[in-house]
Structures are given as structure tokens and as C-alpha cells.
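# Notes for the structure review
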Amino acid sequence: MDEIDHKLMSLLRQDARLTVAALAAKLQVSRGTVTNRIRRLEDDGVIVGYTVRLRPDVQHNEIKAWMSIAVDGNQTRAVIASLLGEPGVATLHDTNGRWDLLAELRAQTLQDLASVLERIRLIKGISNTETSIHLETFRVS
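Residues numbered from 1 in each chain as written. Predicted model: local features only at pLDDT ≥ 70, side-chain atom pairs only at ≥ 80, totals over all residues. Heavy atoms only, no water.

Here we come to the sheet that holds strand E2 (residues 89-94). Pairing is antiparallel across the open sheet formed by four strands, whose spatial order is E2-E3-E1-E4. The sheet terminates laterally at E2 and strand E4 (126-133), the two strands that pair on one side only. Taken over all neighbouring pairs, the strand axes of this sheet differ in orientation by 20° on average, direction set aside. In this structure, strand E1 (residues 63-71) lies alongside strand E3 (residues 101-107), joined through seven bridges in antiparallel fashion. Each bridged residue has a counterpart across the sheet, and for Ile69 the counterpart in E3 is Leu101. (Pairing = 2+ DSSP bridges. Helix = DSSP H or I, 4+ residues; strand = E, 2+ residues; numbered from the N terminus. Axes fitted to C-alpha atoms, helices over the stretch in contact; angles between N-to-C directions.)

Take the side chain of Arg37 next. Summarising the element assignment, Arg37 is placed in helix H3 (residues 31-43). Among the residues examined, Arg37 registers a relative accessible area of 16% and is labelled buried. Among the polar contacts made by the side chain of Arg37, one reaches the side chain of Asp5 at a distance of 2.9 Å. Leave out the neighbours within four places in its chain, and Arg37 touches Asp2, Ile4, Asp5 and Leu8. (Buried < 20%, exposed > 50% of the residue type's maximum accessible area, 1.4 Å probe, protein only. Polar contact = N/O pair within 3.5 Å; in protein donor to acceptor, adjacent residues only side chain to side chain. Contact = heavy atoms within 4.5 Å.)

Once that is clear, we can look at the nonpolar core. In this structure, Ile69, Val79, Leu83, Leu105, Leu113 and Ile120 are the most contacted members of the largest nonpolar core, which totals 18 residues. For this core, the secondary-structure elements that each account for two or more residues are E1, helix H4 (76-84), E3 and helix H5 (110-121). Counting residues per element, this core draws most heavily on E1, which supplies five residues. Setting aside residues up to four positions removed in sequence, Val79 forms contacts with Val71, Leu101, Ile123, Lys124, Gly125 and Ile126. With 11 residues, the next largest nonpolar core counts Met9, Leu11, Ala24 and Ile38 among its residues. (Core = buried A, V, L, I, M, F, W, Y, C linked by side-chain atoms within 4.5 Å.)

Quick look at the structure:
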């Protein structure tokens, strides 16, 4: 990846709805160049999709929480595989420090969140968890 690829990805992060013509103008390259680079970035798995981001206050009924997870021994890969299959896990991060993994959880009700927590705590290889519910979000990137 070169400087143009990095600039292209930066523009798409800011507004994935920019047209190829607008991207080409901003990058000072041809539309064909932009089209080819986007296709290559998608084919190489650098760009894996496009999505809509909503303001946190728009999703009134959704409960979000962070779960810090400690994993026994060398069972991290198995635990990750299980967590990726859990519908209540929105994002999953490998981390350092006291906790091995950090999961963002989403649920419609507190009862749904309790069910997600229970299912996760039953996963073989998880030794300890700590969960914090999002109360308010002050900044979204």
C-alpha cells in the first residue's frame, strides 16, 4: 500500500458514500485509478465492508456493555472462536494487562444482557470476567 491507498482509506473512513469522481478529485487521480484501488483493497481483504454508523443516542433501546475477560492457559483461540459465535458480542479485542480479551456487548433489555453474560461465562476456558454497562457516550470517532 502506498500513500494514495492510505489517503483513499482515510477519505472512505470519513465518508464511505463519497463517489468515485469525488474521491478521484480529492486524490488528484483518475476515476479508473480509484476504482482499481478500491477493488484491489477489497480483493486483498483490507476493506472488508461498508457500514452505517449511528449516533449512540439514536439507538434508544440498546444496552451496551464492556466485558473484560481472563482466559485460562493457552485456550485463547478456542475462547475467541466461541465468542465470535455469540450474537451478543458486537466487537472483540485482544488486549494486554490484567485481562486477555475485551468484548463490547449489545442487548435490547437487561434480561437479554443477563442471558448474554450467562452464556459467555459458561464458555470453557474463561476463568474470570468483569462487566461494565455503558451509561453515557461522550464522543464517537
